[in-house]
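# Structure assessment
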Amino acid sequence: MGFFDYVRFEYPCKKCGTVLTDWQTKDGLMAIETLEIGDINNGGLIYTSCDNCNMWNQYKVTINYNNDDIQGYVSVYINGKKIYNSTQKMISNIVLEDTADFEDNA
Ligand SMILES: [Zn+2]
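### What about the overall build of the protein chain?
Summing up its helical and strand segments, the protein chain has zero helices and 10 strands in all. Sequence-ordered secondary structure for the protein chain, helices as α and strands as β, is β-β-β-β-β-β-β-β-β-β. For the protein chain, contacts bridging at least 24 residues in sequence account for 55% of all contacts bridging at least 6.

Pasting the structure below:
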(Lines give C-alpha, C1' and ligand atoms only; values in the text may rest on other atoms or scores of the structure.)
Protein backbone atom coordinates (compact mmCIF):
# COMPACT_ATOMS: atom_id res chain seq x y z
CA MET A 1 0.00 0.00 0.00
CA GLY A 2 1.57 3.26 -1.09
CA PHE A 3 0.90 6.87 -0.30
CA PHE A 4 -0.55 9.28 -2.78
CA ASP A 5 -2.22 12.68 -2.99
CA TYR A 6 -5.60 13.75 -4.25
CA VAL A 7 -5.71 16.19 -7.15
CA ARG A 8 -8.30 18.96 -7.43
CA PHE A 9 -9.36 18.32 -11.02
CA GLU A 10 -12.51 17.60 -13.01
CA TYR A 11 -12.54 15.99 -16.43
CA PRO A 12 -14.97 13.63 -18.20
CA CYS A 13 -14.24 9.91 -18.45
CA LYS A 14 -12.85 9.28 -21.92
CA LYS A 15 -15.15 6.29 -22.37
CA CYS A 16 -18.55 7.27 -20.95
CA GLY A 17 -18.27 11.01 -20.28
CA THR A 18 -19.00 10.86 -16.55
CA VAL A 19 -17.25 13.81 -14.90
CA LEU A 20 -14.44 12.39 -12.79
CA THR A 21 -13.36 14.19 -9.61
CA ASP A 22 -11.46 11.52 -7.64
CA TRP A 23 -8.07 12.01 -9.29
CA GLN A 24 -4.90 10.88 -7.52
CA THR A 25 -1.16 11.16 -8.08
CA LYS A 26 2.00 9.60 -6.70
CA ASP A 27 4.02 12.45 -8.17
CA GLY A 28 3.44 14.98 -5.39
CA LEU A 29 3.99 15.11 -1.66
CA MET A 30 2.55 11.58 -1.19
CA ALA A 31 1.03 12.75 2.08
CA ILE A 32 -2.69 12.34 1.34
CA GLU A 33 -2.96 16.06 0.63
CA THR A 34 -5.21 17.66 -1.96
CA LEU A 35 -3.02 19.26 -4.62
CA GLU A 36 -3.62 21.66 -7.43
CA ILE A 37 -2.55 20.25 -10.76
CA GLY A 38 0.36 22.71 -10.88
CA ASP A 39 1.74 21.21 -7.66
CA ILE A 40 2.43 17.86 -9.29
CA ASN A 41 6.00 17.01 -10.25
CA ASN A 42 6.66 17.88 -13.86
CA GLY A 43 6.11 14.79 -16.00
CA GLY A 44 4.06 13.12 -13.26
CA LEU A 45 0.82 11.21 -13.74
CA ILE A 46 -2.73 11.83 -12.57
CA TYR A 47 -5.14 8.94 -12.69
CA THR A 48 -8.54 7.68 -11.64
CA SER A 49 -10.88 4.81 -12.37
CA CYS A 50 -14.40 5.66 -13.54
CA ASP A 51 -17.08 4.53 -11.04
CA ASN A 52 -19.61 4.26 -13.87
CA CYS A 53 -17.76 2.14 -16.48
CA ASN A 54 -14.49 1.18 -14.72
CA MET A 55 -12.39 2.83 -17.46
CA TRP A 56 -8.87 3.75 -16.36
CA ASN A 57 -8.19 7.42 -17.07
CA GLN A 58 -4.59 8.59 -16.81
CA TYR A 59 -2.78 11.73 -17.98
CA LYS A 60 0.83 12.82 -17.96
CA VAL A 61 1.22 16.38 -16.65
CA THR A 62 3.79 18.60 -18.35
CA ILE A 63 4.29 22.00 -16.72
CA ASN A 64 5.91 24.77 -18.73
CA TYR A 65 7.43 27.57 -16.67
CA ASN A 66 7.88 31.26 -17.33
CA ASN A 67 11.38 32.67 -17.18
CA ASP A 68 10.05 35.59 -15.17
CA ASP A 69 8.92 35.24 -11.59
CA ILE A 70 5.34 36.34 -12.15
CA GLN A 71 2.24 35.37 -10.21
CA GLY A 72 -0.95 35.27 -12.22
CA TYR A 73 -3.59 33.13 -13.80
CA VAL A 74 -2.60 30.33 -16.10
CA SER A 75 -4.79 28.12 -18.25
CA VAL A 76 -4.85 24.36 -18.63
CA TYR A 77 -5.80 22.82 -21.97
CA ILE A 78 -6.73 19.31 -23.04
CA ASN A 79 -6.94 18.68 -26.77
CA GLY A 80 -7.04 22.42 -27.37
CA LYS A 81 -9.98 23.04 -25.03
CA LYS A 82 -9.45 25.33 -22.05
CA ILE A 83 -10.62 23.47 -18.97
CA TYR A 84 -9.00 24.99 -15.93
CA ASN A 85 -7.51 28.16 -14.47
CA SER A 86 -4.84 28.18 -11.82
CA THR A 87 -2.91 30.79 -9.91
CA GLN A 88 0.33 28.81 -9.80
CA LYS A 89 3.42 30.96 -9.64
CA MET A 90 5.79 30.95 -12.58
CA ILE A 91 3.79 28.47 -14.66
CA SER A 92 2.99 29.58 -18.19
CA ASN A 93 0.90 26.58 -19.17
CA ILE A 94 0.18 22.95 -18.33
CA VAL A 95 -0.30 20.20 -20.92
CA LEU A 96 -2.00 16.88 -20.20
CA GLU A 97 -1.23 13.83 -22.34
CA ASP A 98 -3.39 10.71 -22.28
CA THR A 99 -1.16 7.86 -21.16
CA ALA A 100 -3.76 5.19 -20.39
CA ASP A 101 -2.53 2.82 -23.10
CA PHE A 102 -4.95 -0.02 -22.55
CA GLU A 103 -8.69 -0.41 -23.04
CA ASP A 104 -11.26 -1.76 -20.62
CA ASN A 105 -12.36 -5.18 -21.92
CA ALA A 106 -15.53 -5.33 -19.81
ZN1 LIG B 1 -16.58 6.00 -17.56
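The structure having been displayed, the exposition proceeds.
### Section: the pairing of strand β7 (residues 56-65)
Across five bridges, strand β6 (residues 45-49) lies against β7 in antiparallel orientation. Residue pairing for β7: S49 is matched across the bridge by W56. A loop of six residues connects β6 with β7, the two strands running antiparallel in sequence, and N54 in this loop sits at a positive phi of about 70°.

### Topic: the nonpolar core
Grouped together as the largest cluster of nonpolar side chains are 15 residues, with contacts concentrated most on V7, I37, I40, I46 and V61. Contributions of two or more residues to this core are made by β7 and β10 (91-98). By residue number, the principal contributor to this core is β7, which donates three residues. Residues contacting V61, with those up to four places away along its chain left out, are I37, I40, G44, I46, I94 and L96.

### A few points about the environment of M55
Mapped onto the elements, M55 comes out in the loop between β6 and β7. Note: C-alpha distance between M55 and K14 (41 residues apart in sequence) is 7.8 Å.

### Points about unusual backbone geometry
Notably, I32 is not glycine yet its phi reads approximately 60°, a positive angle. Locating I32 in the fold gives a position in the loop between β4 (23-25) and β5 (34-35). Under the C-beta neighbour-count criterion, I32 is labelled exposed, with 10 such atoms within 10 Å. Even without being glycine, N54 reaches a positive phi, approximately 70°.

### Some thoughts on the environment of Q58
Here Q58 lies in strand β7. A tally of 18 C-beta atoms within 10 Å means that Q58 is categorised as partly exposed. Separated by 44 residues in sequence, Q58 and K14 place their C-alpha atoms 9.7 Å apart.

### Focus: the environment of P12
One can find P12 in strand β2 (residues 11-12). As for P12 and N57, which are separated by 45 residues in sequence, their C-alpha atoms are 9.3 Å apart. Here P12 is in contact with G17, T18, V19 and L20, once residues within four sequence places are set aside.

Each value, and the rule that gives it
Residues numbered from 1 in each chain as written. Predicted model: local features only at pLDDT ≥ 70, side-chain atom pairs only at ≥ 80, totals over all residues. Helix = DSSP H or I, 4+ residues; strand = E, 2+ residues; numbered from the N terminus. Contact = placed C-beta atoms within 7 Å. Pairing = 2+ DSSP bridges. Core = buried A, V, L, I, M, F, W, Y, C linked by C-beta atoms within 7 Å. Buried ≥ 20, exposed ≤ 12 C-beta atoms within 10 Å, placed from the backbone.

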